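Here are the chains, one letter per residue:
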Amino acid sequence: MRKRIIDITLIIVVFASISFKKKEVTWVAIGDSITYLNDHINETGNRVTKGYMTRVQEALPHINFINQGHNGWTSSGIAREIDKLGIVKADIYSVFLGTNDWWSGIPIGKLSDYEKDTGNNTLYGSFRIIINKIRMLNPDAKIILITPMQRTDFVYLLDKNNNAWGSYHEKNGQLLESFANAINEIGRKEKIKVIDLFHRKGMAIKNLVAYKRLKDPLTGVYQNYPYPEYTKIPFSPSDEYPYPESAINVTYDGLHPSDRGYQIISQELIKVLKPL
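Our subject in this report is the structure included herewith. Remember, predicted model here, so these are calculated numbers, not experimental data.

### Things to note about the sheet that holds strand S1 (residues 25–31)
- Across the sheet, five strands lie side by side as S2-S1-S3-S4-S7; this open sheet has parallel pairing. What marks the edges here is a single partner per strand, and that holds for strand S2 (63–69) and strand S7 (193–195). This sheet shows a mean twist of 20 degrees between the axes of neighbouring strands, independent of strand direction.
- Relative to S7, strand S4 (residues 142–146) runs parallel, the two sharing three bridges. Residue pairing across strands places Ile-146 opposite Ile-195, the latter belonging to S7.
- In the packing of helix H3 (residues 52–59) onto the sheet, contacts are made with S1, S2 and strand S3 (92–96), and the angle to S2 comes to roughly 175 degrees.

Dropping the structure here:
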């Protein structure tokens, strides 16, 4: 009799575990290098151990991700090539773009460019093309838009000639914040969830690196300058790399997230994806 009770209890436990097991879903993450690096950690000089998609999957194992991150691409480039990228039908899509549009000088445009589907010459128009493609693949898919992060002076770890100033300064008369605001506006119009990293606490420019190591213009001696002091000190590609490992904070190079940065991004995504 006791054995029978134990057997029945085991059956109940097994059925309960099956009934509570989450259905597996597919997530396509569309983005630029911040997304691409998830599967190319070696290109961070191994300063990063894992990207945001891997971290999400560790917390939510029923979510299987497909990396559609394209190194250096803009939303305009993604929109232009959208039918050639092999983007598949999925349950969830995230779109994490905009920082390269800003640096490339692509116009933000107006909401009417989104509403009228005017093409990929503006950020608004490009996002319309991308969202149209997603809805064509799966009208019932969950869509998440992610605004660009703030960025400070970027210096590529593997080539110091590849560098750019931060979002504290305009590029072609546009602020990066305006691109983030445009993505928020698209989200409001379409009732699509937006993860606003640009305005997220703890991800301001002052948090991106601990310091920038530069030559004192008067003495030529290297010093560690905090923000905003370092924005006034010139950097030459012939100088030492300005972000040694001790300078890493939310980013490891002024632009790309560190482990800490990727953890913040994944936490925001987990909040949205956990109920699904």
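### A look at the packing of helix H7 (residues 123–137) against helix H8 (residues 176–190)
- Interhelical geometry of H7 versus H8 gives an angle of 40 degrees and a closest axis separation of 11 Å. Here H7 lies oblique to H8, going by the angle between them. H8 is crossed by H7, and the crossing has right-handed handedness. Of the residues in H8, those in contact with Leu-123, Tyr-124, Phe-127, Ile-131 and Arg-135 of H7 are Phe-179, Ala-182, Ile-183, Glu-185, Ile-186 and Glu-190.

### Re the side chain of Ser-266
- As for its placement among the helices and strands, Ser-266 is situated in helix H10 (residues 259–273).
- Relative accessible area serves as the criterion here: at 1%, Ser-266 is assigned to the buried category.
- For Ser-266, the residues in contact, after removing those within four places along its chain, are Tyr-52, Arg-55 and Val-56.

### A few points about the packing of aromatic side chains
- Evaluated as defined, the whole model comprises 10 aromatic pairs.
- Both rings, one in Tyr-168 and one in Tyr-227, keep their centres 6.2 Å apart while their planes meet at 50 degrees; by these two values the pair is tilted. In this pair, Tyr-168 is assigned in the loop between strand S6 (159–164) and H8 and Tyr-227 in the loop between strand S9 (222–225) and H10, connecting sequence segments 59 residues apart.
- In textbook terms, an aromatic cluster arises when at least three aromatic residues are bridged by ring pairs, as seen for Trp-27, Tyr-52, Phe-65, Phe-96 and Tyr-262.
- For Lys-171, the ring lying beneath its charged end belongs to Trp-103, and the centroid distance is 3.6 Å.
- The residue whose ring lies beneath Lys-171 is Trp-165, and the NZ or CZ to ring-centre distance is 5.9 Å.

Analysis parameters
- Residues numbered from 1 in each chain as written.
- Predicted model: local features only at pLDDT ≥ 70, side-chain atom pairs only at ≥ 80, totals over all residues.
- Heavy atoms only, no water.
- Pairing = 2+ DSSP bridges.
- Helix = DSSP H or I, 4+ residues; strand = E, 2+ residues; numbered from the N terminus.
- Axes fitted to C-alpha atoms, helices over the stretch in contact; angles between N-to-C directions.
- Contact = heavy atoms within 4.5 Å.
- Parallel < 35°, antiparallel > 145°, perpendicular 65-115°, else oblique.
- Left-handed = near helix turned anticlockwise from the far one by under 90°.
- Buried < 20%, exposed > 50% of the residue type's maximum accessible area, 1.4 Å probe, protein only.
- Phe/Tyr/Trp six-rings, centres within 6.5 Å; stacked < 30°, edge-to-face > 60°.
- Lys NZ or Arg CZ within 6 Å of the ring centre and 35° of its normal.

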